[in-house]
Amino acid sequence: MTRLRIAVQSKGRLSEGGMDLLKRCGLRFAYGRDKLHQRAENMPVDLMLVRDDDIPNFVASGACDYGIVGENVLREEQLAGGRTAELEIALRLGFATCRLKLAVPVEGEIRDLADLQGKAIATSYPGITRAYLATRGIDVEIVEMRGSVEVAPRLHIADAICDLVSSGATLQANGLKAIETVFESEAVLIRRKGVQAPETDSIARILMRRAEGVIASSQTKYIMLNAPKDRLDAIRALLPGADAPTIAQVAGRDDVVALHAVCRERVFWETLEALEKEGARAILVLPIEKMLA
Ligand SMILES: Nc1ncnc2c1ncn2[C@@H]1O[C@H](COP(=O)(O)OP(=O)(O)OP(=O)(O)O)[C@@H](O)[C@H]1O
Ligand SMILES: O=P(O)(O)OC[C@H]1O[C@H](OP(=O)(O)OP(=O)(O)O)[C@H](O)[C@@H]1O
Ligand SMILES: [Mg+2]
């Protein structure tokens with residue numbers, strides 16, 4: 001039987017999230033010594049564990065059927081040309097969210113995009129950086145680096161950088177500040193455009209449907225709380241992405257109701273604090289393990 005081949009980063013920020021997603025879709029892997037290949041025990045699926053930069057080309061060439069990669073790497077490889085133009089995003093995976101940003105030394109003369117004219121910019125994403133600046137009429141020298149890009153200004157290798165930012169801690173630690181967001185990224189599932197191989201398409205469809213459910217449920221929570229009847233409208237307005245909550249009576253209380261709702265957006269501590277301020281009590285936030293809409 002033909003097995004579906006999925007390329008996953010072997011180690012790094014996408015490997016744990018990628019493996020976790022596939023396991024939550026029901027795939028089981030035997031513990032093996034092979035660090036480059038994992039065979040699912042219960043479905044006709046093989047994982048190829050590789051460097052993330054290679055994933056778009058592996059999928060484009062047909063060596064793998066699907067791949068889990070950062071959208072930033074997909075875009076960069078597509079700008080480099082070749083067969084990666086034939087790739088498409090099959091599913092947005094909602095993890096490894098980050099932004100590619102232009103950043104400059106805090107203590108320096110560069111303040112905005114126009115000041116970058118003629119300057120040297122260090123980056124691991126030469127294609128995206130050059131394309132972004134070119135459409136704004138800014139001509140720069142690109143200094144290509146494989147990693148640790150944030151050290152470039154301090155080493156006087158470059159005047160500015162274009163690198164991935166999540167919390168901003170790395171920029172801050174290196175005396176840099178962001179001046180422009182160039183690209184927003186998250187992990188994506190990619191495949192070749194067009195008709196998929198019939199032997200593997202049915203298993204791919206099952207996995208994609210399950211993955212959609214897993215992603216939706218990880219961003220969705222079940223909230224239960226008790227609300228003063230007269231604050232119900234204010235409390236409902238605070239619930240993120242909840243359209244039709246269940247309102248039930250609380251035994252022995254006329255002034256309080258129980259509210260149960262599925263929140264389809266992330267529930268932050270700030271939301272709970274705001275609910276509490278409106279008089280909500282006994283607030284429970286429960287994870288939803290699986291969800292099929
Ligand atoms: N700080 C971050 N927060 C969230 N996501 C990130 C962050 N840094 C990178 N990513 C995402 O994770 C992807 C992989 O990052 P990682 O640092 O593991 O890659 P790498 O160093 O290129 O690994 P490899 O050795 O496989 O080439 C990036 O392409 C990006 O999409
Ligand atoms: O804004 P922050 O939360 O500080 O994250 C940003 C950092 O994370 C990534 O590097 P990573 O830690 O993956 O190391 P690498 O560059 O060696 O891959 C990225 O290249 C930045 O350096
Ligand atoms: Mg890489």
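Thresholds applied
Counting restarts for each chain: residues are numbered from 1 in the order of the written sequence. Naming scheme: in the order in which they are written, chains are lettered from A and ligands are numbered from 1. For a predicted model such as this one, the threshold for reporting local features is a pLDDT of at least 70, and the threshold for listing and counting side-chain atom pairs is 80 or more; totals across whole chains, interfaces and linings nevertheless cover every residue. Domain extents, as shown, originate in an automatic or database domain assignment. For two strands to be treated as a pair, DSSP must find at least two bridges joining them. Every helix listed is a DSSP run of H or I at least four residues long, and every strand listed is a run of E at least two residues long, numbered separately from the N terminus. Each axis is a line fitted through C-alpha atoms, taken for helices only over the stretch in contact, and angles between the N-to-C directions span 0 to 180 degrees. The contact rule is simple: place each C-beta atom from the backbone, and if two of them lie within 7 Å, those residues are in contact. Any angle between 65 and 115 degrees counts as roughly perpendicular, while under 35 counts as roughly parallel, over 145 as roughly antiparallel, and the rest as oblique. For this classification, Asp, Glu, Lys and Arg are treated as charged, while Ala, Val, Leu, Ile, Met, Phe, Trp, Tyr, Cys and Pro are nonpolar and the rest, including Gly, are polar. Nearness here is judged by the C-beta atom: place it from the backbone, and if it falls within 6 Å of a molecule or strand, the residue counts as near that partner.

A.B. asks: Kindly report on the domain arrangement of the protein chain, identifying the contributing residues and their values.
C.D. replies: The domain architecture assigned to the protein chain consists of domain 1 (4–96 + 187–217), domain 2 (98–185) and domain 3 (220–287). Between the C-alpha centres of domain 1 and domain 3 the distance comes to 38 Å.

A.B. asks: I'd like a rundown of the sheet that holds strand E7 (residues 120–123), residues and numbers included.
C.D. replies: As summarised here, the arrangement of the five strands in space is E8-E7-E9-E6-E10, forming an open sheet in which the pairing is mixed. The open sheet has two edge strands with one neighbour each: strand E8 (141–144) and strand E10 (176–185). In this sheet, neighbouring strand axes are inclined to one another by 25° on average, regardless of whether the strands run parallel or antiparallel. In the sheet, E7 pairs with strand E9 (residues 160–165) via three bridges, with the strands oriented parallel. When the sheet's bridge partners are listed, isoleucine 121 is paired in E9 with alanine 160. Helix H3 (residues 71–79) rests against strand E6 (98–105), E9 and E10 of the sheet, and its axis sits at about 80° to E10.

A.B. asks: So what's going on with the packing of H3 against helix H4 (residues 126–134)? Residues and values would help.
C.D. replies: Packing of H3 against H4 brings their axes to within 8 Å, and their N-to-C directions diverge by 75°. With respect to their mutual orientation, H3 and H4 come out roughly perpendicular. For the pair H3 and H4, contact is made by Asn72, Arg75, Glu76 and Leu79 and by Gly127, Ile128 and Ala131, respectively. Each residue belonging to the contact of H3 with H4 can be placed in one class, and the counts come to three nonpolar, two polar and two charged.

A.B. asks: Now, about the site of ligand 1: what can you tell me, with residues and values included?
C.D. replies: Around ligand 1, 16 residues are found, and the nearest of them are Gly12, Arg13, Gly70, Cys98 and Ser166. The residue inventory of the shell around ligand 1, partitioned by class, reads five nonpolar, seven polar and four charged. When residues of the shell around ligand 1 are sorted by domain, at least three fall in each of domain 1 (4–96 + 187–217) and domain 2 (98–185).

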